[in-house]
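Topology and contacts: notes
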Number of protein chains: 2
Amino acid sequence: MALIVQKFGGTSVATTERIKNVAKRVARWKAQGHDIIVVPSAMSGETNRLIGLAKEISASPNPRELDVIASTGEQVTIALLAMAMQELGLKAKSYTGPQVRVLTDSTFTKARILQIDDARIRKDLASGHVVVVAGFQGADGHGNITTLGRGGSDTSAVALAAALKADECQIYTDVDGVYTTDPRVVPEARKLDTITFEEMLEMASLGSKVLQIRSVEFAGKYKVKLRVLSSFEDEGEGTLITVEEDNNMEQPIISGIAFNRDEAKVTILGVPDRPGVAYQILGPIADANCDVDMIIQNVAHDGTTDFSFTVNRSDYSKTMELLNGIATKLNARGVVGDNKTCKVSAVGVGMRSHPGVASKMFKELGAEGINIQMISTSEIKISVVIEEKYLELAVRVLHKAFGLDKPA
Amino acid sequence: MALIVQKFGGTSVATTERIKNVAKRVARWKAQGHDIIVVPSAMSGETNRLIGLAKEISASPNPRELDVIASTGEQVTIALLAMAMQELGLKAKSYTGPQVRVLTDSTFTKARILQIDDARIRKDLASGHVVVVAGFQGADGHGNITTLGRGGSDTSAVALAAALKADECQIYTDVDGVYTTDPRVVPEARKLDTITFEEMLEMASLGSKVLQIRSVEFAGKYKVKLRVLSSFEDEGEGTLITVEEDNNMEQPIISGIAFNRDEAKVTILGVPDRPGVAYQILGPIADANCDVDMIIQNVAHDGTTDFSFTVNRSDYSKTMELLNGIATKLNARGVVGDNKTCKVSAVGVGMRSHPGVASKMFKELGAEGINIQMISTSEIKISVVIEEKYLELAVRVLHKAFGLDKPA
């Protein structure tokens, strides 16, 4: 008998029929003698509908009030799900985030969980209830309703699993696990049985949007056993996300090829090479809420340097505009940009102990005539920015070159 | 400067455009220096939509979970309304029932308010905020979300006015006040400037569905000054509902003619005239949730009596079925019924000190050839059951006979 937290995303609870299916699935786990806490998202589309109403009232709605509205989406789902379980003869009880209570800071629309009071949940579990807790939401120290930001239900589930020392936190999604790369690009892509938290972080931030990145950080920090499963298939073990120590010694060098199509590249040329200049460039960009990804600055010559970074493609024109102003102020030589670029990354903890991964990657891309425009590396990841038209080719070549198409 | 509670019903906040209009109206009151607490209902149709979702899951949804869902309707409106006021430059802040907190008993779906904590509201009012509190909802002593039943937002508004000792509680509806009768039946019907709580109770329970009856009882008990106003017209003083002592000495004898079209009449004939028989008849009817209105039993002769009562027309066939079983058990002579009846009532505190109102009423109806089937009286009301086809005629005749078409 185990204590399991199960998180179901918006598509898994999109209709009352699907909610009934989720209830049946939970009932099967419960019948095996497990204690279950269920964390559902809002029915898909609902959060957007609610935020749409707010936008009809105000172009920039007050964040505190926005959270009051947005939190109702999950509040509806928890009650429907509890009812559906009761229909199957289970004892079930729903709680909103504030009711549990999930204590957060006061950063409305993207609050952080500080603490979870597990008393009510433990009591209900002890009396045989399935406990349904609204994801995505909590309350701050003053009792104000807060939400955790898009995808926050994953974080709620992991935080509950950590607070209750659950044996496993299962994230049900519309995919049946984490793949070596996107199967739509590489049909030979394989589902991974396990992946480390660090790899998952790199994969998630690079566009494999299976899990919210914060929830993975959280799970790693509190050593929560996290598993990604399909909410539409009854079979399969999904992908277990583990702390590295549990891994097979025969860990392959590279676990997956991630990519991000929405990458735009900008460069400010000939900026003075002096302390503080990076902040002078990126400060205004961050203030405008443009999400900066890769940042590259090479050695200076003649007292100036070129400073490059990538932003989400939707922020490209705003960024270019800001950058032109900054260039004038800094007396830089000019600004160039390209929004027809993409990023491809090889990710794997194995590369720590295996030199030569980068050179192999560059060799393979070069052999296909793909020019590398920017390079950025971390301990377990090598990313390159290339022309967008080469994306699929690059991913396929690297997936094959690192042997990801062969069974582990 | 006064402290005013303003309640807006579902049609007043049916769209974001109407919500903006409500915000503008509140802003005008605020500009006059008043402290304002706003209590909105859910956007019209929303509560039905939410309950519809629950019904898709379960034919008889768990009441605790139903309240979790139903309460989200008002939660959306409070935030939208607070945002709309902020757009106009007002300081505004929303609270759910549980946040305030509105403490209720644990009778889910029709909870009663026990107490309201006014600390947060007072603090916000003191700092210049318009405070928006969700109607219809609260939390019980265990923190479970509760709702007050249909129309409960009126009760929320009055309870808040009582708790905060507000100078006035304004109920904005789609009519501009309480009328001497339904203007659709009698075009000469006049808006009343004032009406007593007792009269309002009789008018409301008789089908003038301007206010939820519980809210009027509540207002009477706590001496809250209650005013009914139109949410669509900016002019007009509406109708003030007062304790009797404030009334003009020249109070007319009759304040209004109320009626109820949905009345069905049933009689069980020749029941034994012995103690407990009324309970034996009405107990099973009440257990089946049929709402009994008028009850008539005349003196017995030959050891038996006829026992009549009226029910809502939608409960007629169920009632007849039950009554046939009861008649057999009681060895009664039989059961007769008629669901083509209606009830017409003359209401007015003035009749206490003016004898002859009943005989005048009967004379007027008789002169039109309208046969009276049942009569029931209270201190300030005389009700008759007549054939449905005479309803409009009877209302018009009585409205004129008691001088209600002439200016007060």
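Residues numbered from 1 in each chain as written. Chains lettered and ligands numbered in written order. Predicted model: local features only at pLDDT ≥ 70, side-chain atom pairs only at ≥ 80, totals over all residues.

1. Description of the sheet that holds strand 3 (residues 92-95) of chain A
Consider a sheet: its strands pair through backbone hydrogen bonds, and that pairing is either parallel or antiparallel. All names here are of chain A. What the eight strands build is an open sheet, ordered 3-6-2-1-9-11-12-10; its pairing is mixed. Two strands close off the open sheet at either side, each with one partner strand: strand 3 and strand 10 (194-196). Each strand of the sheet is rotated relative to its neighbour by a mean of 20°, with strand direction disregarded. Where strand 1 (residues 3-8) meets strand 9 (residues 168-173), five bridges bridge the pair, whose relative direction is parallel. Paired with F8 across the bridge in strand 9 is Y172. Across the sheet, helix 1 (residues 16-31) touches strand 1, strand 2 (35-40) and strand 6 (130-133), and the angle it forms with strand 2 is around 160°. (Pairing = 2+ DSSP bridges. Helix = DSSP H or I, 4+ residues; strand = E, 2+ residues; numbered from the N terminus. Axes fitted to C-alpha atoms, helices over the stretch in contact; angles between N-to-C directions. Contact = placed C-beta atoms within 7 Å.)

2. Examining the packing of helix 2 (residues 46-57) of chain A against helix 1 (residues 16-31) of chain B
The geometry of a pair of packed helices is captured by two quantities: the angle between their axes and the separation between those axes. Interaxial distance between helix 2 of chain A and helix 1 of chain B falls to 9 Å at its minimum, and their mutual angle equals 45°. Taken as axis vectors, helix 2 of chain A and helix 1 of chain B run oblique relative to one another. Crossing hand, helix 2 of chain A versus helix 1 of chain B: right-handed. Counting all contacts with helix 2 of chain A, which are made through L53(A), E56(A) and I57(A), the residues of helix 1 of chain B involved are T16(B), I19(B) and K20(B). Residues belonging to the contact of helix 2 of chain A with helix 1 of chain B are distributed by class as follows: three nonpolar, one polar and two charged. (Parallel < 35°, antiparallel > 145°, perpendicular 65-115°, else oblique. Left-handed = near helix turned anticlockwise from the far one by under 90°. Nonpolar A, V, L, I, M, F, W, Y, C, P; charged D, E, K, R; others polar.)

3. A short note on the relation of the copies chain A and chain B
It takes a turn of 178° to lay chain A on chain B, together with a shift of 0.1 Å along the axis; the resulting RMSD is 0.3 Å. These values place the two chain copies in the arrangement generated by a two-fold rotation axis. The position closest to the rotation axis in chain A is occupied by the C-alpha of T72(A), lying 2.9 Å away. Most of the interface of chain A is mirrored in chain B, where 100% of its interface residues again form contacts. (Least-squares fit on C-alpha atoms with pLDDT ≥ 70 in both.)

4. What about unusual backbone geometry?
Cis geometry marks the peptide bond from V100(A) to R101(A); its omega dihedral reads 0°. Within the fold, R101(A) resides in the loop between helix 5 (97-100) and strand 4 (102-104). If you check the backbone angles, F136(B) has positive phi at about 80° while not being a glycine. Mapping F136(B) onto the fold places it in the loop between strand 6 (130-133) and strand 7 (137-139). Owing to 29 C-beta atoms within 10 Å, F136(B) belongs among the buried residues under this scheme. (Buried ≥ 20, exposed ≤ 12 C-beta atoms within 10 Å, placed from the backbone.)

5. A look at the confidence of the model for chain A
Regions with low pLDDT should not have their predicted coordinates read in detail. With 96% of its residues at a pLDDT of at least 70, chain A reaches an overall mean of 90. For this predicted complex, the interface confidence comes out at an ipTM of 0.79, alongside a pTM of 0.80. (pLDDT = per-residue confidence, 0-100.)

6. Observations concerning helix 9 (residues 213-221) of chain B
Among all positions of helix 9 of chain B, only R214(B), S215(B), V216(B), F218(B), A219(B) and G220(B) are buried. Of the residues flanking the end of helix 9 of chain B, it is K223(B), one or two places downstream, whose phi is positive at about 55°.

7. Topic: the nonpolar core
Counting residues in each nonpolar core, the largest one holds 206 residues, and the members touching the most others are L80(A), L81(A), L80(B) and L81(B). Dropping the residues within four chain positions of it, L81(B) is found in contact with V13(B), I19(B), V22(B), A23(B), V38(B), P40(B) and V132(B). (Core = buried A, V, L, I, M, F, W, Y, C linked by C-beta atoms within 7 Å.)

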